[in-house]
Amino acid sequence: MYPPMLPGRGQRQGEGDIDQEKRLQELSRGYEDSPWLTALVLFSGFLVALVGTFDTVFLLGTALTGRTWWPYAVILAALVGTHTCLRTVRYGRRRSRQSGTGDRRRVTRKRTEHARNA
């Protein structure tokens, strides 16, 4: 099988592997210290998608027929609220961890621009 072709400049095999590893490390940064929190966020997102879909159907069905609809609205609000809170906590932890180390990309960018101008 042939390797996938990605848009952009052509790279040698060795250079592409190093760049790909750097990109994967940047993408995974912030998740390595909180695997349980990340798992909870993913699971709550799954519940919102699955249970929330059925709940929305029941909510619309009961609201349109004039029956009691508020229990379904409470369930949906609890699902979405829990998922939002978990994502906020995870986002806050990632931002606090990144702010302590500084933005290395900005420093690297300034150094490369300075080297180009010199």
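A quick note: this is a predicted structure, and the numbers were derived from the prediction, not measured. (Residues numbered from 1 in each chain as written. Predicted model: local features only at pLDDT ≥ 70, side-chain atom pairs only at ≥ 80, totals over all residues. Heavy atoms only, no water.)

Observations concerning the overall build of the protein chain
Link 1 in the chain: The helix and strand tally for the protein chain stands at four helices and zero strands.
Link 2 in the chain: Taken from the N to the C terminus, the helices and strands of the protein chain come in the order α-α-α-α.
Link 3 in the chain: In the protein chain, which comprises 118 residues, the share counted as buried stands at 13%.
Link 4 in the chain: A separation threshold of at least 6 residues defines the contact pool for the protein chain, and within that pool the share at least 24 residues apart is 62%.
Link 5 in the chain: Accessible surface, the protein chain as shown: approximately 10200 Å² in total, 63% of it carbon and sulfur. (Helix = DSSP H or I, 4+ residues; strand = E, 2+ residues; numbered from the N terminus. Buried < 20%, exposed > 50% of the residue type's maximum accessible area, 1.4 Å probe, protein only. Contact = heavy atoms within 4.5 Å. Areas by Shrake-Rupley, 256 points an atom, 1.4 Å probe, with all protein chains shown as cover.)

A closer look at a nonpolar patch on the surface
Link 1 in the chain: On the surface, a cluster of nonpolar side chains totalling about 770 Å² of accessible area is made up of Phe-43, Phe-46, Leu-50, Val-51, Phe-54, Val-57, Phe-58 and Ile-75.
Link 2 in the chain: Element by element, the count of residues in the nonpolar patch is highest for helix H2 (residues 35–65), at seven residues.
Link 3 in the chain: In this structure, Phe-43 sits in helix H2.
Link 4 in the chain: Judged by its relative accessible area of 47%, Phe-43 falls in the partly exposed class. (Patch = residues over 30% accessible without salt bridge, like charges linked within 9 Å, V, L, I, M, F, W, Y side chains within 5 Å. Salt bridge = Lys/Arg side-chain N within 4 Å of Asp/Glu carboxyl O.)

Focus: the confidence of the model for the protein chain
Link 1 in the chain: Taken residue by residue, the protein chain gives an average pLDDT of 78. The fraction at 70 or more is 61%.
Link 2 in the chain: Mean pLDDT across the elements of the protein chain ranges from a minimum in helix H4 (residues 104–117), with 58, to a maximum in H2, with 94. (pLDDT = per-residue confidence, 0-100.)

A closer look at the packing of aromatic side chains
Link 1 in the chain: Enumeration over the complete set of coordinates arrives at two aromatic pairs.
Link 2 in the chain: Look at Phe-58 and Tyr-72: their rings are 5.8 Å apart centre to centre, the planes differ by 40°, and that puts the pair in the tilted class. Highlighted residues: Phe-58 in helix H2 and Tyr-72 in helix H3 (residues 70–101), separated in sequence by 14 residues.
Link 3 in the chain: Using a relative accessible area of 47% as the deciding quantity, one classes Phe-58 as partly exposed. (Phe/Tyr/Trp six-rings, centres within 6.5 Å; stacked < 30°, edge-to-face > 60°.)

A look at H2
Link 1 in the chain: Here H2 spans 44 Å end to end across 31 residues, near enough to the 45 Å set by a 1.5 Å rise per residue.
Link 2 in the chain: Where H2 bends most, at Gly-52, the angle is about 35°.
Link 3 in the chain: Of the positions making up H2, those classed as buried are Leu-37, Thr-38, Val-41, Ser-44, Gly-52, Asp-55, Leu-59 and Thr-62.
Link 4 in the chain: Where H2 ends, the next residue or the one after it, Gly-66, has phi of about 90°, a positive value. (Expected span 1.5 Å × (residues − 1). Bend = angle between axes of the 7 residues up to and from the residue.)

Notes on the environment of Leu-42
Link 1 in the chain: Looking at the secondary structure, you find Leu-42 in helix H2.
Link 2 in the chain: Taking the C-alpha atoms as reference, Leu-42 lies 8.8 Å from His-83; in sequence the two are 41 residues apart.

Quick look at the side chain of Thr-62
Link 1 in the chain: Structurally, the position occupied by Thr-62 is in helix H2.
Link 2 in the chain: On the basis of relative accessible area, Thr-62 is assigned to the buried category, the value being 10%.
Link 3 in the chain: Ignoring any residue separated from it by four or fewer positions in sequence, one finds Thr-62 in contact with Arg-67, Thr-68, Trp-69 and Tyr-72.

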